[in-house]
Amino acid sequence: MSEQQYIEPPATIPVLPKPGTYTHPVYGKIDMSVDRIASFVQNFKDQVYRDRLPIDLEHETKLGGAAGWITDLTMNTDGSVDAIVEWTERGNDALRDNRYGSISPEWYDEWIDPIDGQSHQNILMGAALTTRPFFKPAAMRSLAASEDPPHTQRKDDPMPDDPKVTPVTLSEEQIKRFADIEADNKRL
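This is a predicted model, so every value here is computed, not measured. (Residues numbered from 1 in each chain as written. Predicted model: local features only at pLDDT ≥ 70, side-chain atom pairs only at ≥ 80, totals over all residues. Heavy atoms only, no water.)

A. Structural view of the pairing of strand 7 (residues 102-112). With 10 bridges joining them, strand 7 and strand 8 (residues 119-130) adopt antiparallel strand pairing. The residue of strand 8 that forms the bridge with Tyr-108 is Ile-123. (Pairing = 2+ DSSP bridges. Helix = DSSP H or I, 4+ residues; strand = E, 2+ residues; numbered from the N terminus.)

Here's what the structure looks like:
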């Protein structure tokens, strides 16, 4: 019998995929452009929805509370987004028991603020630890895939073939824009 490996709860997790167009069996085409992904990050930084977002288990917050809290977002050079997480005891246990290996983001395309009635686009509202993620490793790495995170990935690495993903190549200007946005956010 081999010794079982357990996932240590990571301080940083993937939360939004690389830019591309994805085809969901229920929601249809999902356009995750560079600008849209940057908008999710900026809306979080501006605390449009909340100052921290819950992570639940299999999209079931109401059944047991948060497994963790997203406290910050960082855009990677490949256009994907990572989240800084504070895990709860529930989340630590779920990951240490090796029950979950992937993340599934939750967002509103449009959210109406109940206080002022203002409409906001691209609002990340949380994420879930899951066993069946929509975004596969070609689009968003799993929790256990830490050997080559996106911010250190070689530019000449091809994106694995996935018929449901239309990859987007980032220009040097877009990569610089991400770095500038991150620098501005850190100053704030």
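B. Examining helix 1 (residues 34-45) more closely. The end-to-end C-alpha distance of helix 1, which contains 12 residues, comes to 17 Å, matching closely the 16 Å that a straight helix rising 1.5 Å per residue would cover. Among the residues of helix 1, those classed as buried are Val-34, Arg-36, Ile-37, Ala-38, Phe-40, Val-41, Asn-43 and Phe-44. Where helix 1 ends, the next residue or the one after it, Gln-47, has phi of about 55°, a positive value. (Expected span 1.5 Å × (residues − 1). Buried < 20%, exposed > 50% of the residue type's maximum accessible area, 1.4 Å probe, protein only.)

C. View of the sheet that holds strand 4 (residues 53-57). Within the open sheet, the 6 strands sit side by side as 1-6-5-4-8-7. Their pairing is mixed. Of all the strands in the sheet, just strand 1 (12-16) and strand 7 have a single pairing partner and so form its edges. Averaged over all pairs of adjacent strands, the angle between strand axes in this sheet comes to 40°, irrespective of strand direction. In this structure, strand 4 lies alongside strand 5 (residues 68-75), joined through 3 bridges in antiparallel fashion. Each bridged residue has a counterpart across the sheet, and for Leu-53 the counterpart in strand 5 is Ile-70. On top of the sheet, helix 1 reaches strand 1, strand 4, strand 5, strand 6 (81-87), strand 7 and strand 8; it is set at about 130° to strand 5, its chief contact. Packed onto the sheet, helix 2 (residues 89-96) meets strand 4, strand 6 and strand 8 and runs at close to 110° relative to strand 6. (Axes fitted to C-alpha atoms, helices over the stretch in contact; angles between N-to-C directions. Contact = heavy atoms within 4.5 Å.)

D. The nonpolar core, seen in detail. If you look at the biggest cluster of nonpolar residues, it comprises 34 residues, and the most contacted ones within it are Val-15, Ile-70, Leu-73 and Leu-129. Broken down by element, the residue count for this core peaks at 5 residues, all from helix 1. Discounting chain neighbours no more than four positions away, the residues touching Ile-70 are Val-15, Phe-44, Asp-51, Arg-52, Leu-53, Ile-55, Ala-83, Ile-84 and Ala-127. (Core = buried A, V, L, I, M, F, W, Y, C linked by side-chain atoms within 4.5 Å.)

E. A look at the pattern of salt bridges. In the structure shown here, the tally under the stated rule is 3 salt bridges. Residue Asp-109 is joined to Arg-36 by a salt bridge in which the shortest nitrogen-to-oxygen separation is 2.5 Å. In this pair, Asp-109 sits in strand 7 while Arg-36 sits in helix 1, placing the two residues 73 residues apart along the sequence. Its relative accessible area of 48% is what places Asp-109 among the partly exposed residues. Taking the shortest distance from any N to any O, the salt bridge between Asp-72 and Lys-45 comes out at 2.6 Å. Here the residue Asp-72 occupies a position in strand 5, and Lys-45 occupies one in helix 1, the gap between them amounting to 27 residues. Given the relative accessible area of 22%, Lys-45 is considered partly exposed. (Salt bridge = Lys/Arg side-chain N within 4 Å of Asp/Glu carboxyl O.)

Keep in mind these numbers describe shape, not what the thing actually does.
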